[in-house]
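Here are the chains, one letter per residue:
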Amino acid sequence: MIYNYLKIAIRNLLKYKFISFINLFGLTAGIACCLLILTYIINELSYDKYHPDADRTYRVTRSFRNAQTGIVSLNLGTVAPPFAPLLVNDFKEIEKITQLLPNGRTPVRYGEKMFNEENVYWGDEHFFDFFKVKVVKGNPAKALNDPYGIMLTEETAKKYFGNEEPLDKMIRLDNQLNFKVTGVYKAFPANSHVHPNILISFNTLKDTAVYGEENLRTNFGNNSFLTYIKLPKDYDIGKMEKQFPAFLNRHMPQGGKFKPSEGTALALQKLTDIHLHSQLDYEAEENGDIKRVYIFSAIALFILLIAGINYMNLSTARSALRAREIGVRKVVGAQRKEIIAQFLSESVLVSWLAMILALLLTWLTLPWLNKLSGQQLSIHILLRWDVIVPMALVPFVVGILSGIYPALFMSSFRPVQVLKGLFKVGGSTISFRRILVTTQFAISIVLIISTITVFRQMHYMQQKELGFDKTHIVTLPYSAGLNDGFDAFRTELLSNTYIKNAGRSSRIPTGRLLDAMGARIKRSDTLEPANADIKFVSADQDFISTYGIKVVSGRGFSKDFSTDTGAFVINEAAVQALGLNSGEDAIGKDFGYGNRTGKLIGVFNDFHFESMHQKIVPLVLLIPTSANAYGNISIKIAGTNIPAALSHIEKTWRKYLPETPYQYNFLDENFERLYQSEERQKSIFTVFAFIAIFIACLGLFGLSAFAISQRIKEIGIRKVLGASVNTIVALLSKDFLKLILIAAVIAFPIAWFAMDTWLQDFAYRINIPWWIFVVAGVIAGIIAFVTISFQAIRAAIANPVKSLRSE
């Protein structure tokens, strides 16, 4: 019987080629989109789950808040070094603990080979108890035990040593420390929240020449250490977190009238939650976002729903063509359940064909998706038993859900009416089809509005005035080798007419503003604590002029005033946060920051140091007591001869820093990278939205073609009676266009809510104007009209004699 069902199903697919093609193409495209999105979602959800005991491994995080107001000012995925030994000592339930310290951009040298390495970390001897990575050379249990030992990934080892044996070779870091290679390991997979290419023995930090054991035990201010703990299975972390305030008060030094726990807090974060659920102010790497997973999951379901609706619509629409077949089957004894089984077998067969074609299409288009998303997705993600089994059920589920209504509807035909030619598709069926078409286009309009809004927000972020000039600024990492000779280095740079200015700072725009100390302002006769969170950047006398930042009151730092080394310059947001009346009111005020006191000498305009996701925060610039506080050099290029300017910068760099790799970045490229994630999301969203709309139009095209074919005689009579082509096109189109109007009314509030929620992630955002909704509705209407009118015009210009010949 099953063979019989399949044979009839194949025969009907071949008989009604046009409708079969639309159904098959729509379902194939829909399932392929779902599979592509599924690979992305599975990959995002898999982060860090491959590590041993990942479900009971936690990262210790730290937050800072104003002790008076309780307002949180900073959330970090890192903590200070003393916390690790203290936690192990106070909480016996901690089975193991490990620490990782990012070293930032690090110059590495072996012989004549020099490179700046980005993913360099200090790791302790317990690292491999937490992170699963294959060590191909050396002993993982001992490789990080001894000071001045270092481990490299295979790729990094190949870069420096070629085909030489890397073990026991000596390499030099930061032009000052020599390390012995004690191991080589395979690179971390893409689905890890951290990717160390170089691991330096953590015990090296105990050397006072590097960091010092005393600092590791007592420095609660350096919150740069990633700290992970392993707890017993099913342990309630809430129990430990409740004890953290007392723990902080017990071990941290008391400062002022507030307890340590009133100004800072510790928390635990599950290892497997870091990638999708952690958006802290400092992370090891840029994380994903669970909201993005939800958005693309919704798009996948929308596309599959639209494809399924196509199948239901076209199957019920062509019911009149198969009415006699069903009538004959019933007369010769077929029961209703057998007819239902027949039609469901057809829909499942179409779904299976679509699934096979979709898998092939997914395999072919994955490289395109990887290029678009910047990820490393593979078809192998889908070839796992926990994915294959549910995926094998998809054709049955899709086939049954999309085929159940047509099957129930067609199996209900009365054979007497059908065989007498009295059968007509009921009004309830037509109404249901209209509901399905309306649903399709409501989804399409939501996607059109969302796409326009995403494009406008991205354009807004890229075009918004930043408050300084980012063009033609080249940034380089600052080197301690310039501490004594920076003035000569800068003078030589400026000797070339292509270089306009150069300055130093601890951070540069596009970085995060994370550094802060307590601020004090003079009120009456004393310096009183300011109830404000003010960030700081260490900057030299040329930083403000290099960036073209506008000083609105007072002046910037100048080498002509020796007292400026103890002075401060603040932004307009800081003026407001300090409760001062104006920028002019701030000039000359006594100001304290950290352990420094001095005068406020200038106020500069608010500018966007960080991305548009963050608000402009109160900021103070200060000249550091040590040049080691600088992290970057910013160079302003004059004119348009960029190659000549870069050549001069490189030549000067190599003259003053022959032992340090030369590496530069353009600031405007850094700004583009800030929104790279959103740009990729925009591109992927646009493509899938277009596919969804195309599938909906394909269904409308098939449905309108069938509906018009049912009215051929009516059209012929109208033409004979003098109806024009325009009149007939309008007549055939108006019913469908009414549905588009209803779809728009349904879609508008849904789209507004979805996009307003998405925009809340941006501190600086567009408002959603009313015209976007009108444009989306008009676009949907035009698309629908063009789709329908192709068939309508064809029917309207046909010779009425041919359609009426049988009458």
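Definitions and limits used
Residues numbered from 1 in each chain as written. Predicted model: local features only at pLDDT ≥ 70, side-chain atom pairs only at ≥ 80, totals over all residues. Heavy atoms only, no water. Phe/Tyr/Trp six-rings, centres within 6.5 Å; stacked < 30°, edge-to-face > 60°. Helix = DSSP H or I, 4+ residues; strand = E, 2+ residues; numbered from the N terminus. Buried < 20%, exposed > 50% of the residue type's maximum accessible area, 1.4 Å probe, protein only. Lys NZ or Arg CZ within 6 Å of the ring centre and 35° of its normal. Pairing = 2+ DSSP bridges. Contact = heavy atoms within 4.5 Å. Axes fitted to C-alpha atoms, helices over the stretch in contact; angles between N-to-C directions. Salt bridge = Lys/Arg side-chain N within 4 Å of Asp/Glu carboxyl O. Left-handed = near helix turned anticlockwise from the far one by under 90°. Nonpolar A, V, L, I, M, F, W, Y, C, P; charged D, E, K, R; others polar. Polar contact = N/O pair within 3.5 Å; in protein donor to acceptor, adjacent residues only side chain to side chain. pLDDT = per-residue confidence, 0-100. 1 Å grid on protein atoms, 1.4 Å probe; cavity = no way out; pocket = protein on both sides within 12 Å on 5 of 7 lines; lining within 4 Å. Points joined across faces, edges and corners; volume = space filled by probe spheres on them.

Chemist: Could you clarify how one ought to interpret the packing of aromatic side chains in this entry?
Modeler: Here a ring pair, both rings aromatic, is described through the centre-centre distance and the interplanar angle of the planes. If you walk through the whole model with that rule in mind, you get 41 aromatic pairs. Arranged with centres 5.7 Å apart and planes meeting at 90°, the rings of F489 and Y656 form a pair that is edge-to-face. Residue F489 is located in helix α16 (residues 486–494), and its partner Y656 is located in helix α20 (residues 642–656); the two are separated by 167 residues in the primary sequence. Judged by its relative accessible area of 0%, F489 falls in the buried class. A relative accessible area of 27% means that Y656 is categorised as partly exposed. One aromatic cluster is present, formed by Y478, F486, F489, Y630, W653, Y656, Y662, Y664 and F666 through successive ring pairs. Between the NZ or CZ atom of K159 and the centre of the ring of F115, over which it lies, the distance is 4.8 Å. One cation-aromatic arrangement involves R504 over F486; the distance from NZ or CZ to the ring centre is 4.0 Å.

Chemist: Explanation requested: the sheet that holds strand β25 (residues 665–666) in the structure shown.
Modeler: Sheet architecture is open: 4 strands sit in the order β15-β24-β14-β25, paired in antiparallel fashion. This sheet does not close on itself; its edge strands, each paired only once, are β15 (499–505) and β25. On the sheet, α16 packs against β15 and β24 (632–637) and is oriented at approximately 155° with respect to β15.

Chemist: Sorry, what's going on with the pattern of salt bridges here?
Modeler: Applying the stated criterion across every chain, the model contains 33 salt bridges. The closest approach of N and O atoms between D55 and K233, which form a salt bridge, is 3.0 Å. Within this pair, whereas D55 is found in the loop between α2 (17–45) and β1 (57–65), its partner K233 is found in the loop between β12 (226–230) and α7 (237–251), the two being separated by 178 residues in sequence. For D55, a relative accessible area of 38% translates into the label partly exposed. Between D90 and R250 there is a salt bridge whose closest N-O contact spans 2.8 Å. Of the two residues, D90 sits in helix α3 (residues 83–90) while R250 sits in helix α7, which places them 160 residues apart along the sequence.

Chemist: Is there a simple way to explain the pairing of strand β4 (residues 106–110) in this structure?
Modeler: The two faces of a sheet get side chains in turn, since along a regular strand they alternate between them. Counting buried positions along β4 yields 5 of 5 residues, so the element is predominantly enclosed. As paired elements, β4 and strand β5 (residues 113–117) share 5 bridges and run antiparallel to each other. Within β5, the residue paired with V108 across the bridge is F115. Between β4 and β5, which pair antiparallel one after the other, the connecting turn spans 2 residues, and G111 there sits at a positive phi close to 60°.

Chemist: Explanation requested: the packing of helix α23 (residues 712–720) against helix α24 (residues 725–759) in the structure shown.
Modeler: Each packed pair of helices is defined by two parameters, the angle between the axes and the distance between the axes. Direction vectors running N to C along α23 and α24 enclose 150°, while the axes themselves pass 10 Å from each other. Relative to α24, the crossing made by α23 is right-handed. Contacts between α23 and α24 involve E714, I715, R718 and K719 from the first element and I728, L731 and L732 from the second. Split by residue class, the contact of α23 with α24 holds 4 nonpolar, no polar and 3 charged.

Chemist: What exactly am I supposed to notice about the side chain of S201 here?
Modeler: Within the element layout of this structure, S201 appears in strand β11 (residues 198–201). You can call S201 buried: its relative accessible area is 0%. Looking at S201, its side chain comes within polar contact range of the main-chain oxygen of D146, at 2.8 Å. Those residues in contact with S201, other than ones at most four positions away along the chain, are W122, G123, L144, N145, D146, P147, Y148 and G149.

Chemist: Looking at this structure, I do not really get the confidence of the model for the protein chain. What am I missing?
Modeler: For residues with low pLDDT, the predicted coordinates do not support detailed interpretation. Summary statistics for the protein chain give a mean pLDDT of 86 and a share of 89% for residues scoring 70 or more. The secondary-structure element of the protein chain with the lowest mean pLDDT is helix α14 (residues 415–419), recorded at 52, while β12 shows the highest, at 97. Low pLDDT, under 50, characterises residues 425–429; the predicted model gives this stretch 8 contacts beyond four residues in sequence or across chains.

Chemist: It is not clear to me how empty space enclosed by the protein should be interpreted in this structure. Could you clarify?
Modeler: Summary: where empty space remains is shown by rolling a probe the size of a single water molecule over the atoms. For the structure on display, the rule yields 2 cavities of 30 Å³ or more. Taken as a whole, the largest cavity encloses approximately 80 Å³ of empty space. Surrounding the largest cavity, 15 residues form its lining, L513, F607, F609, I616 and V617 being those nearest its centre. Looking at side-chain class alone, the lining of the largest cavity contains 7 nonpolar, 5 polar and 3 charged residues.

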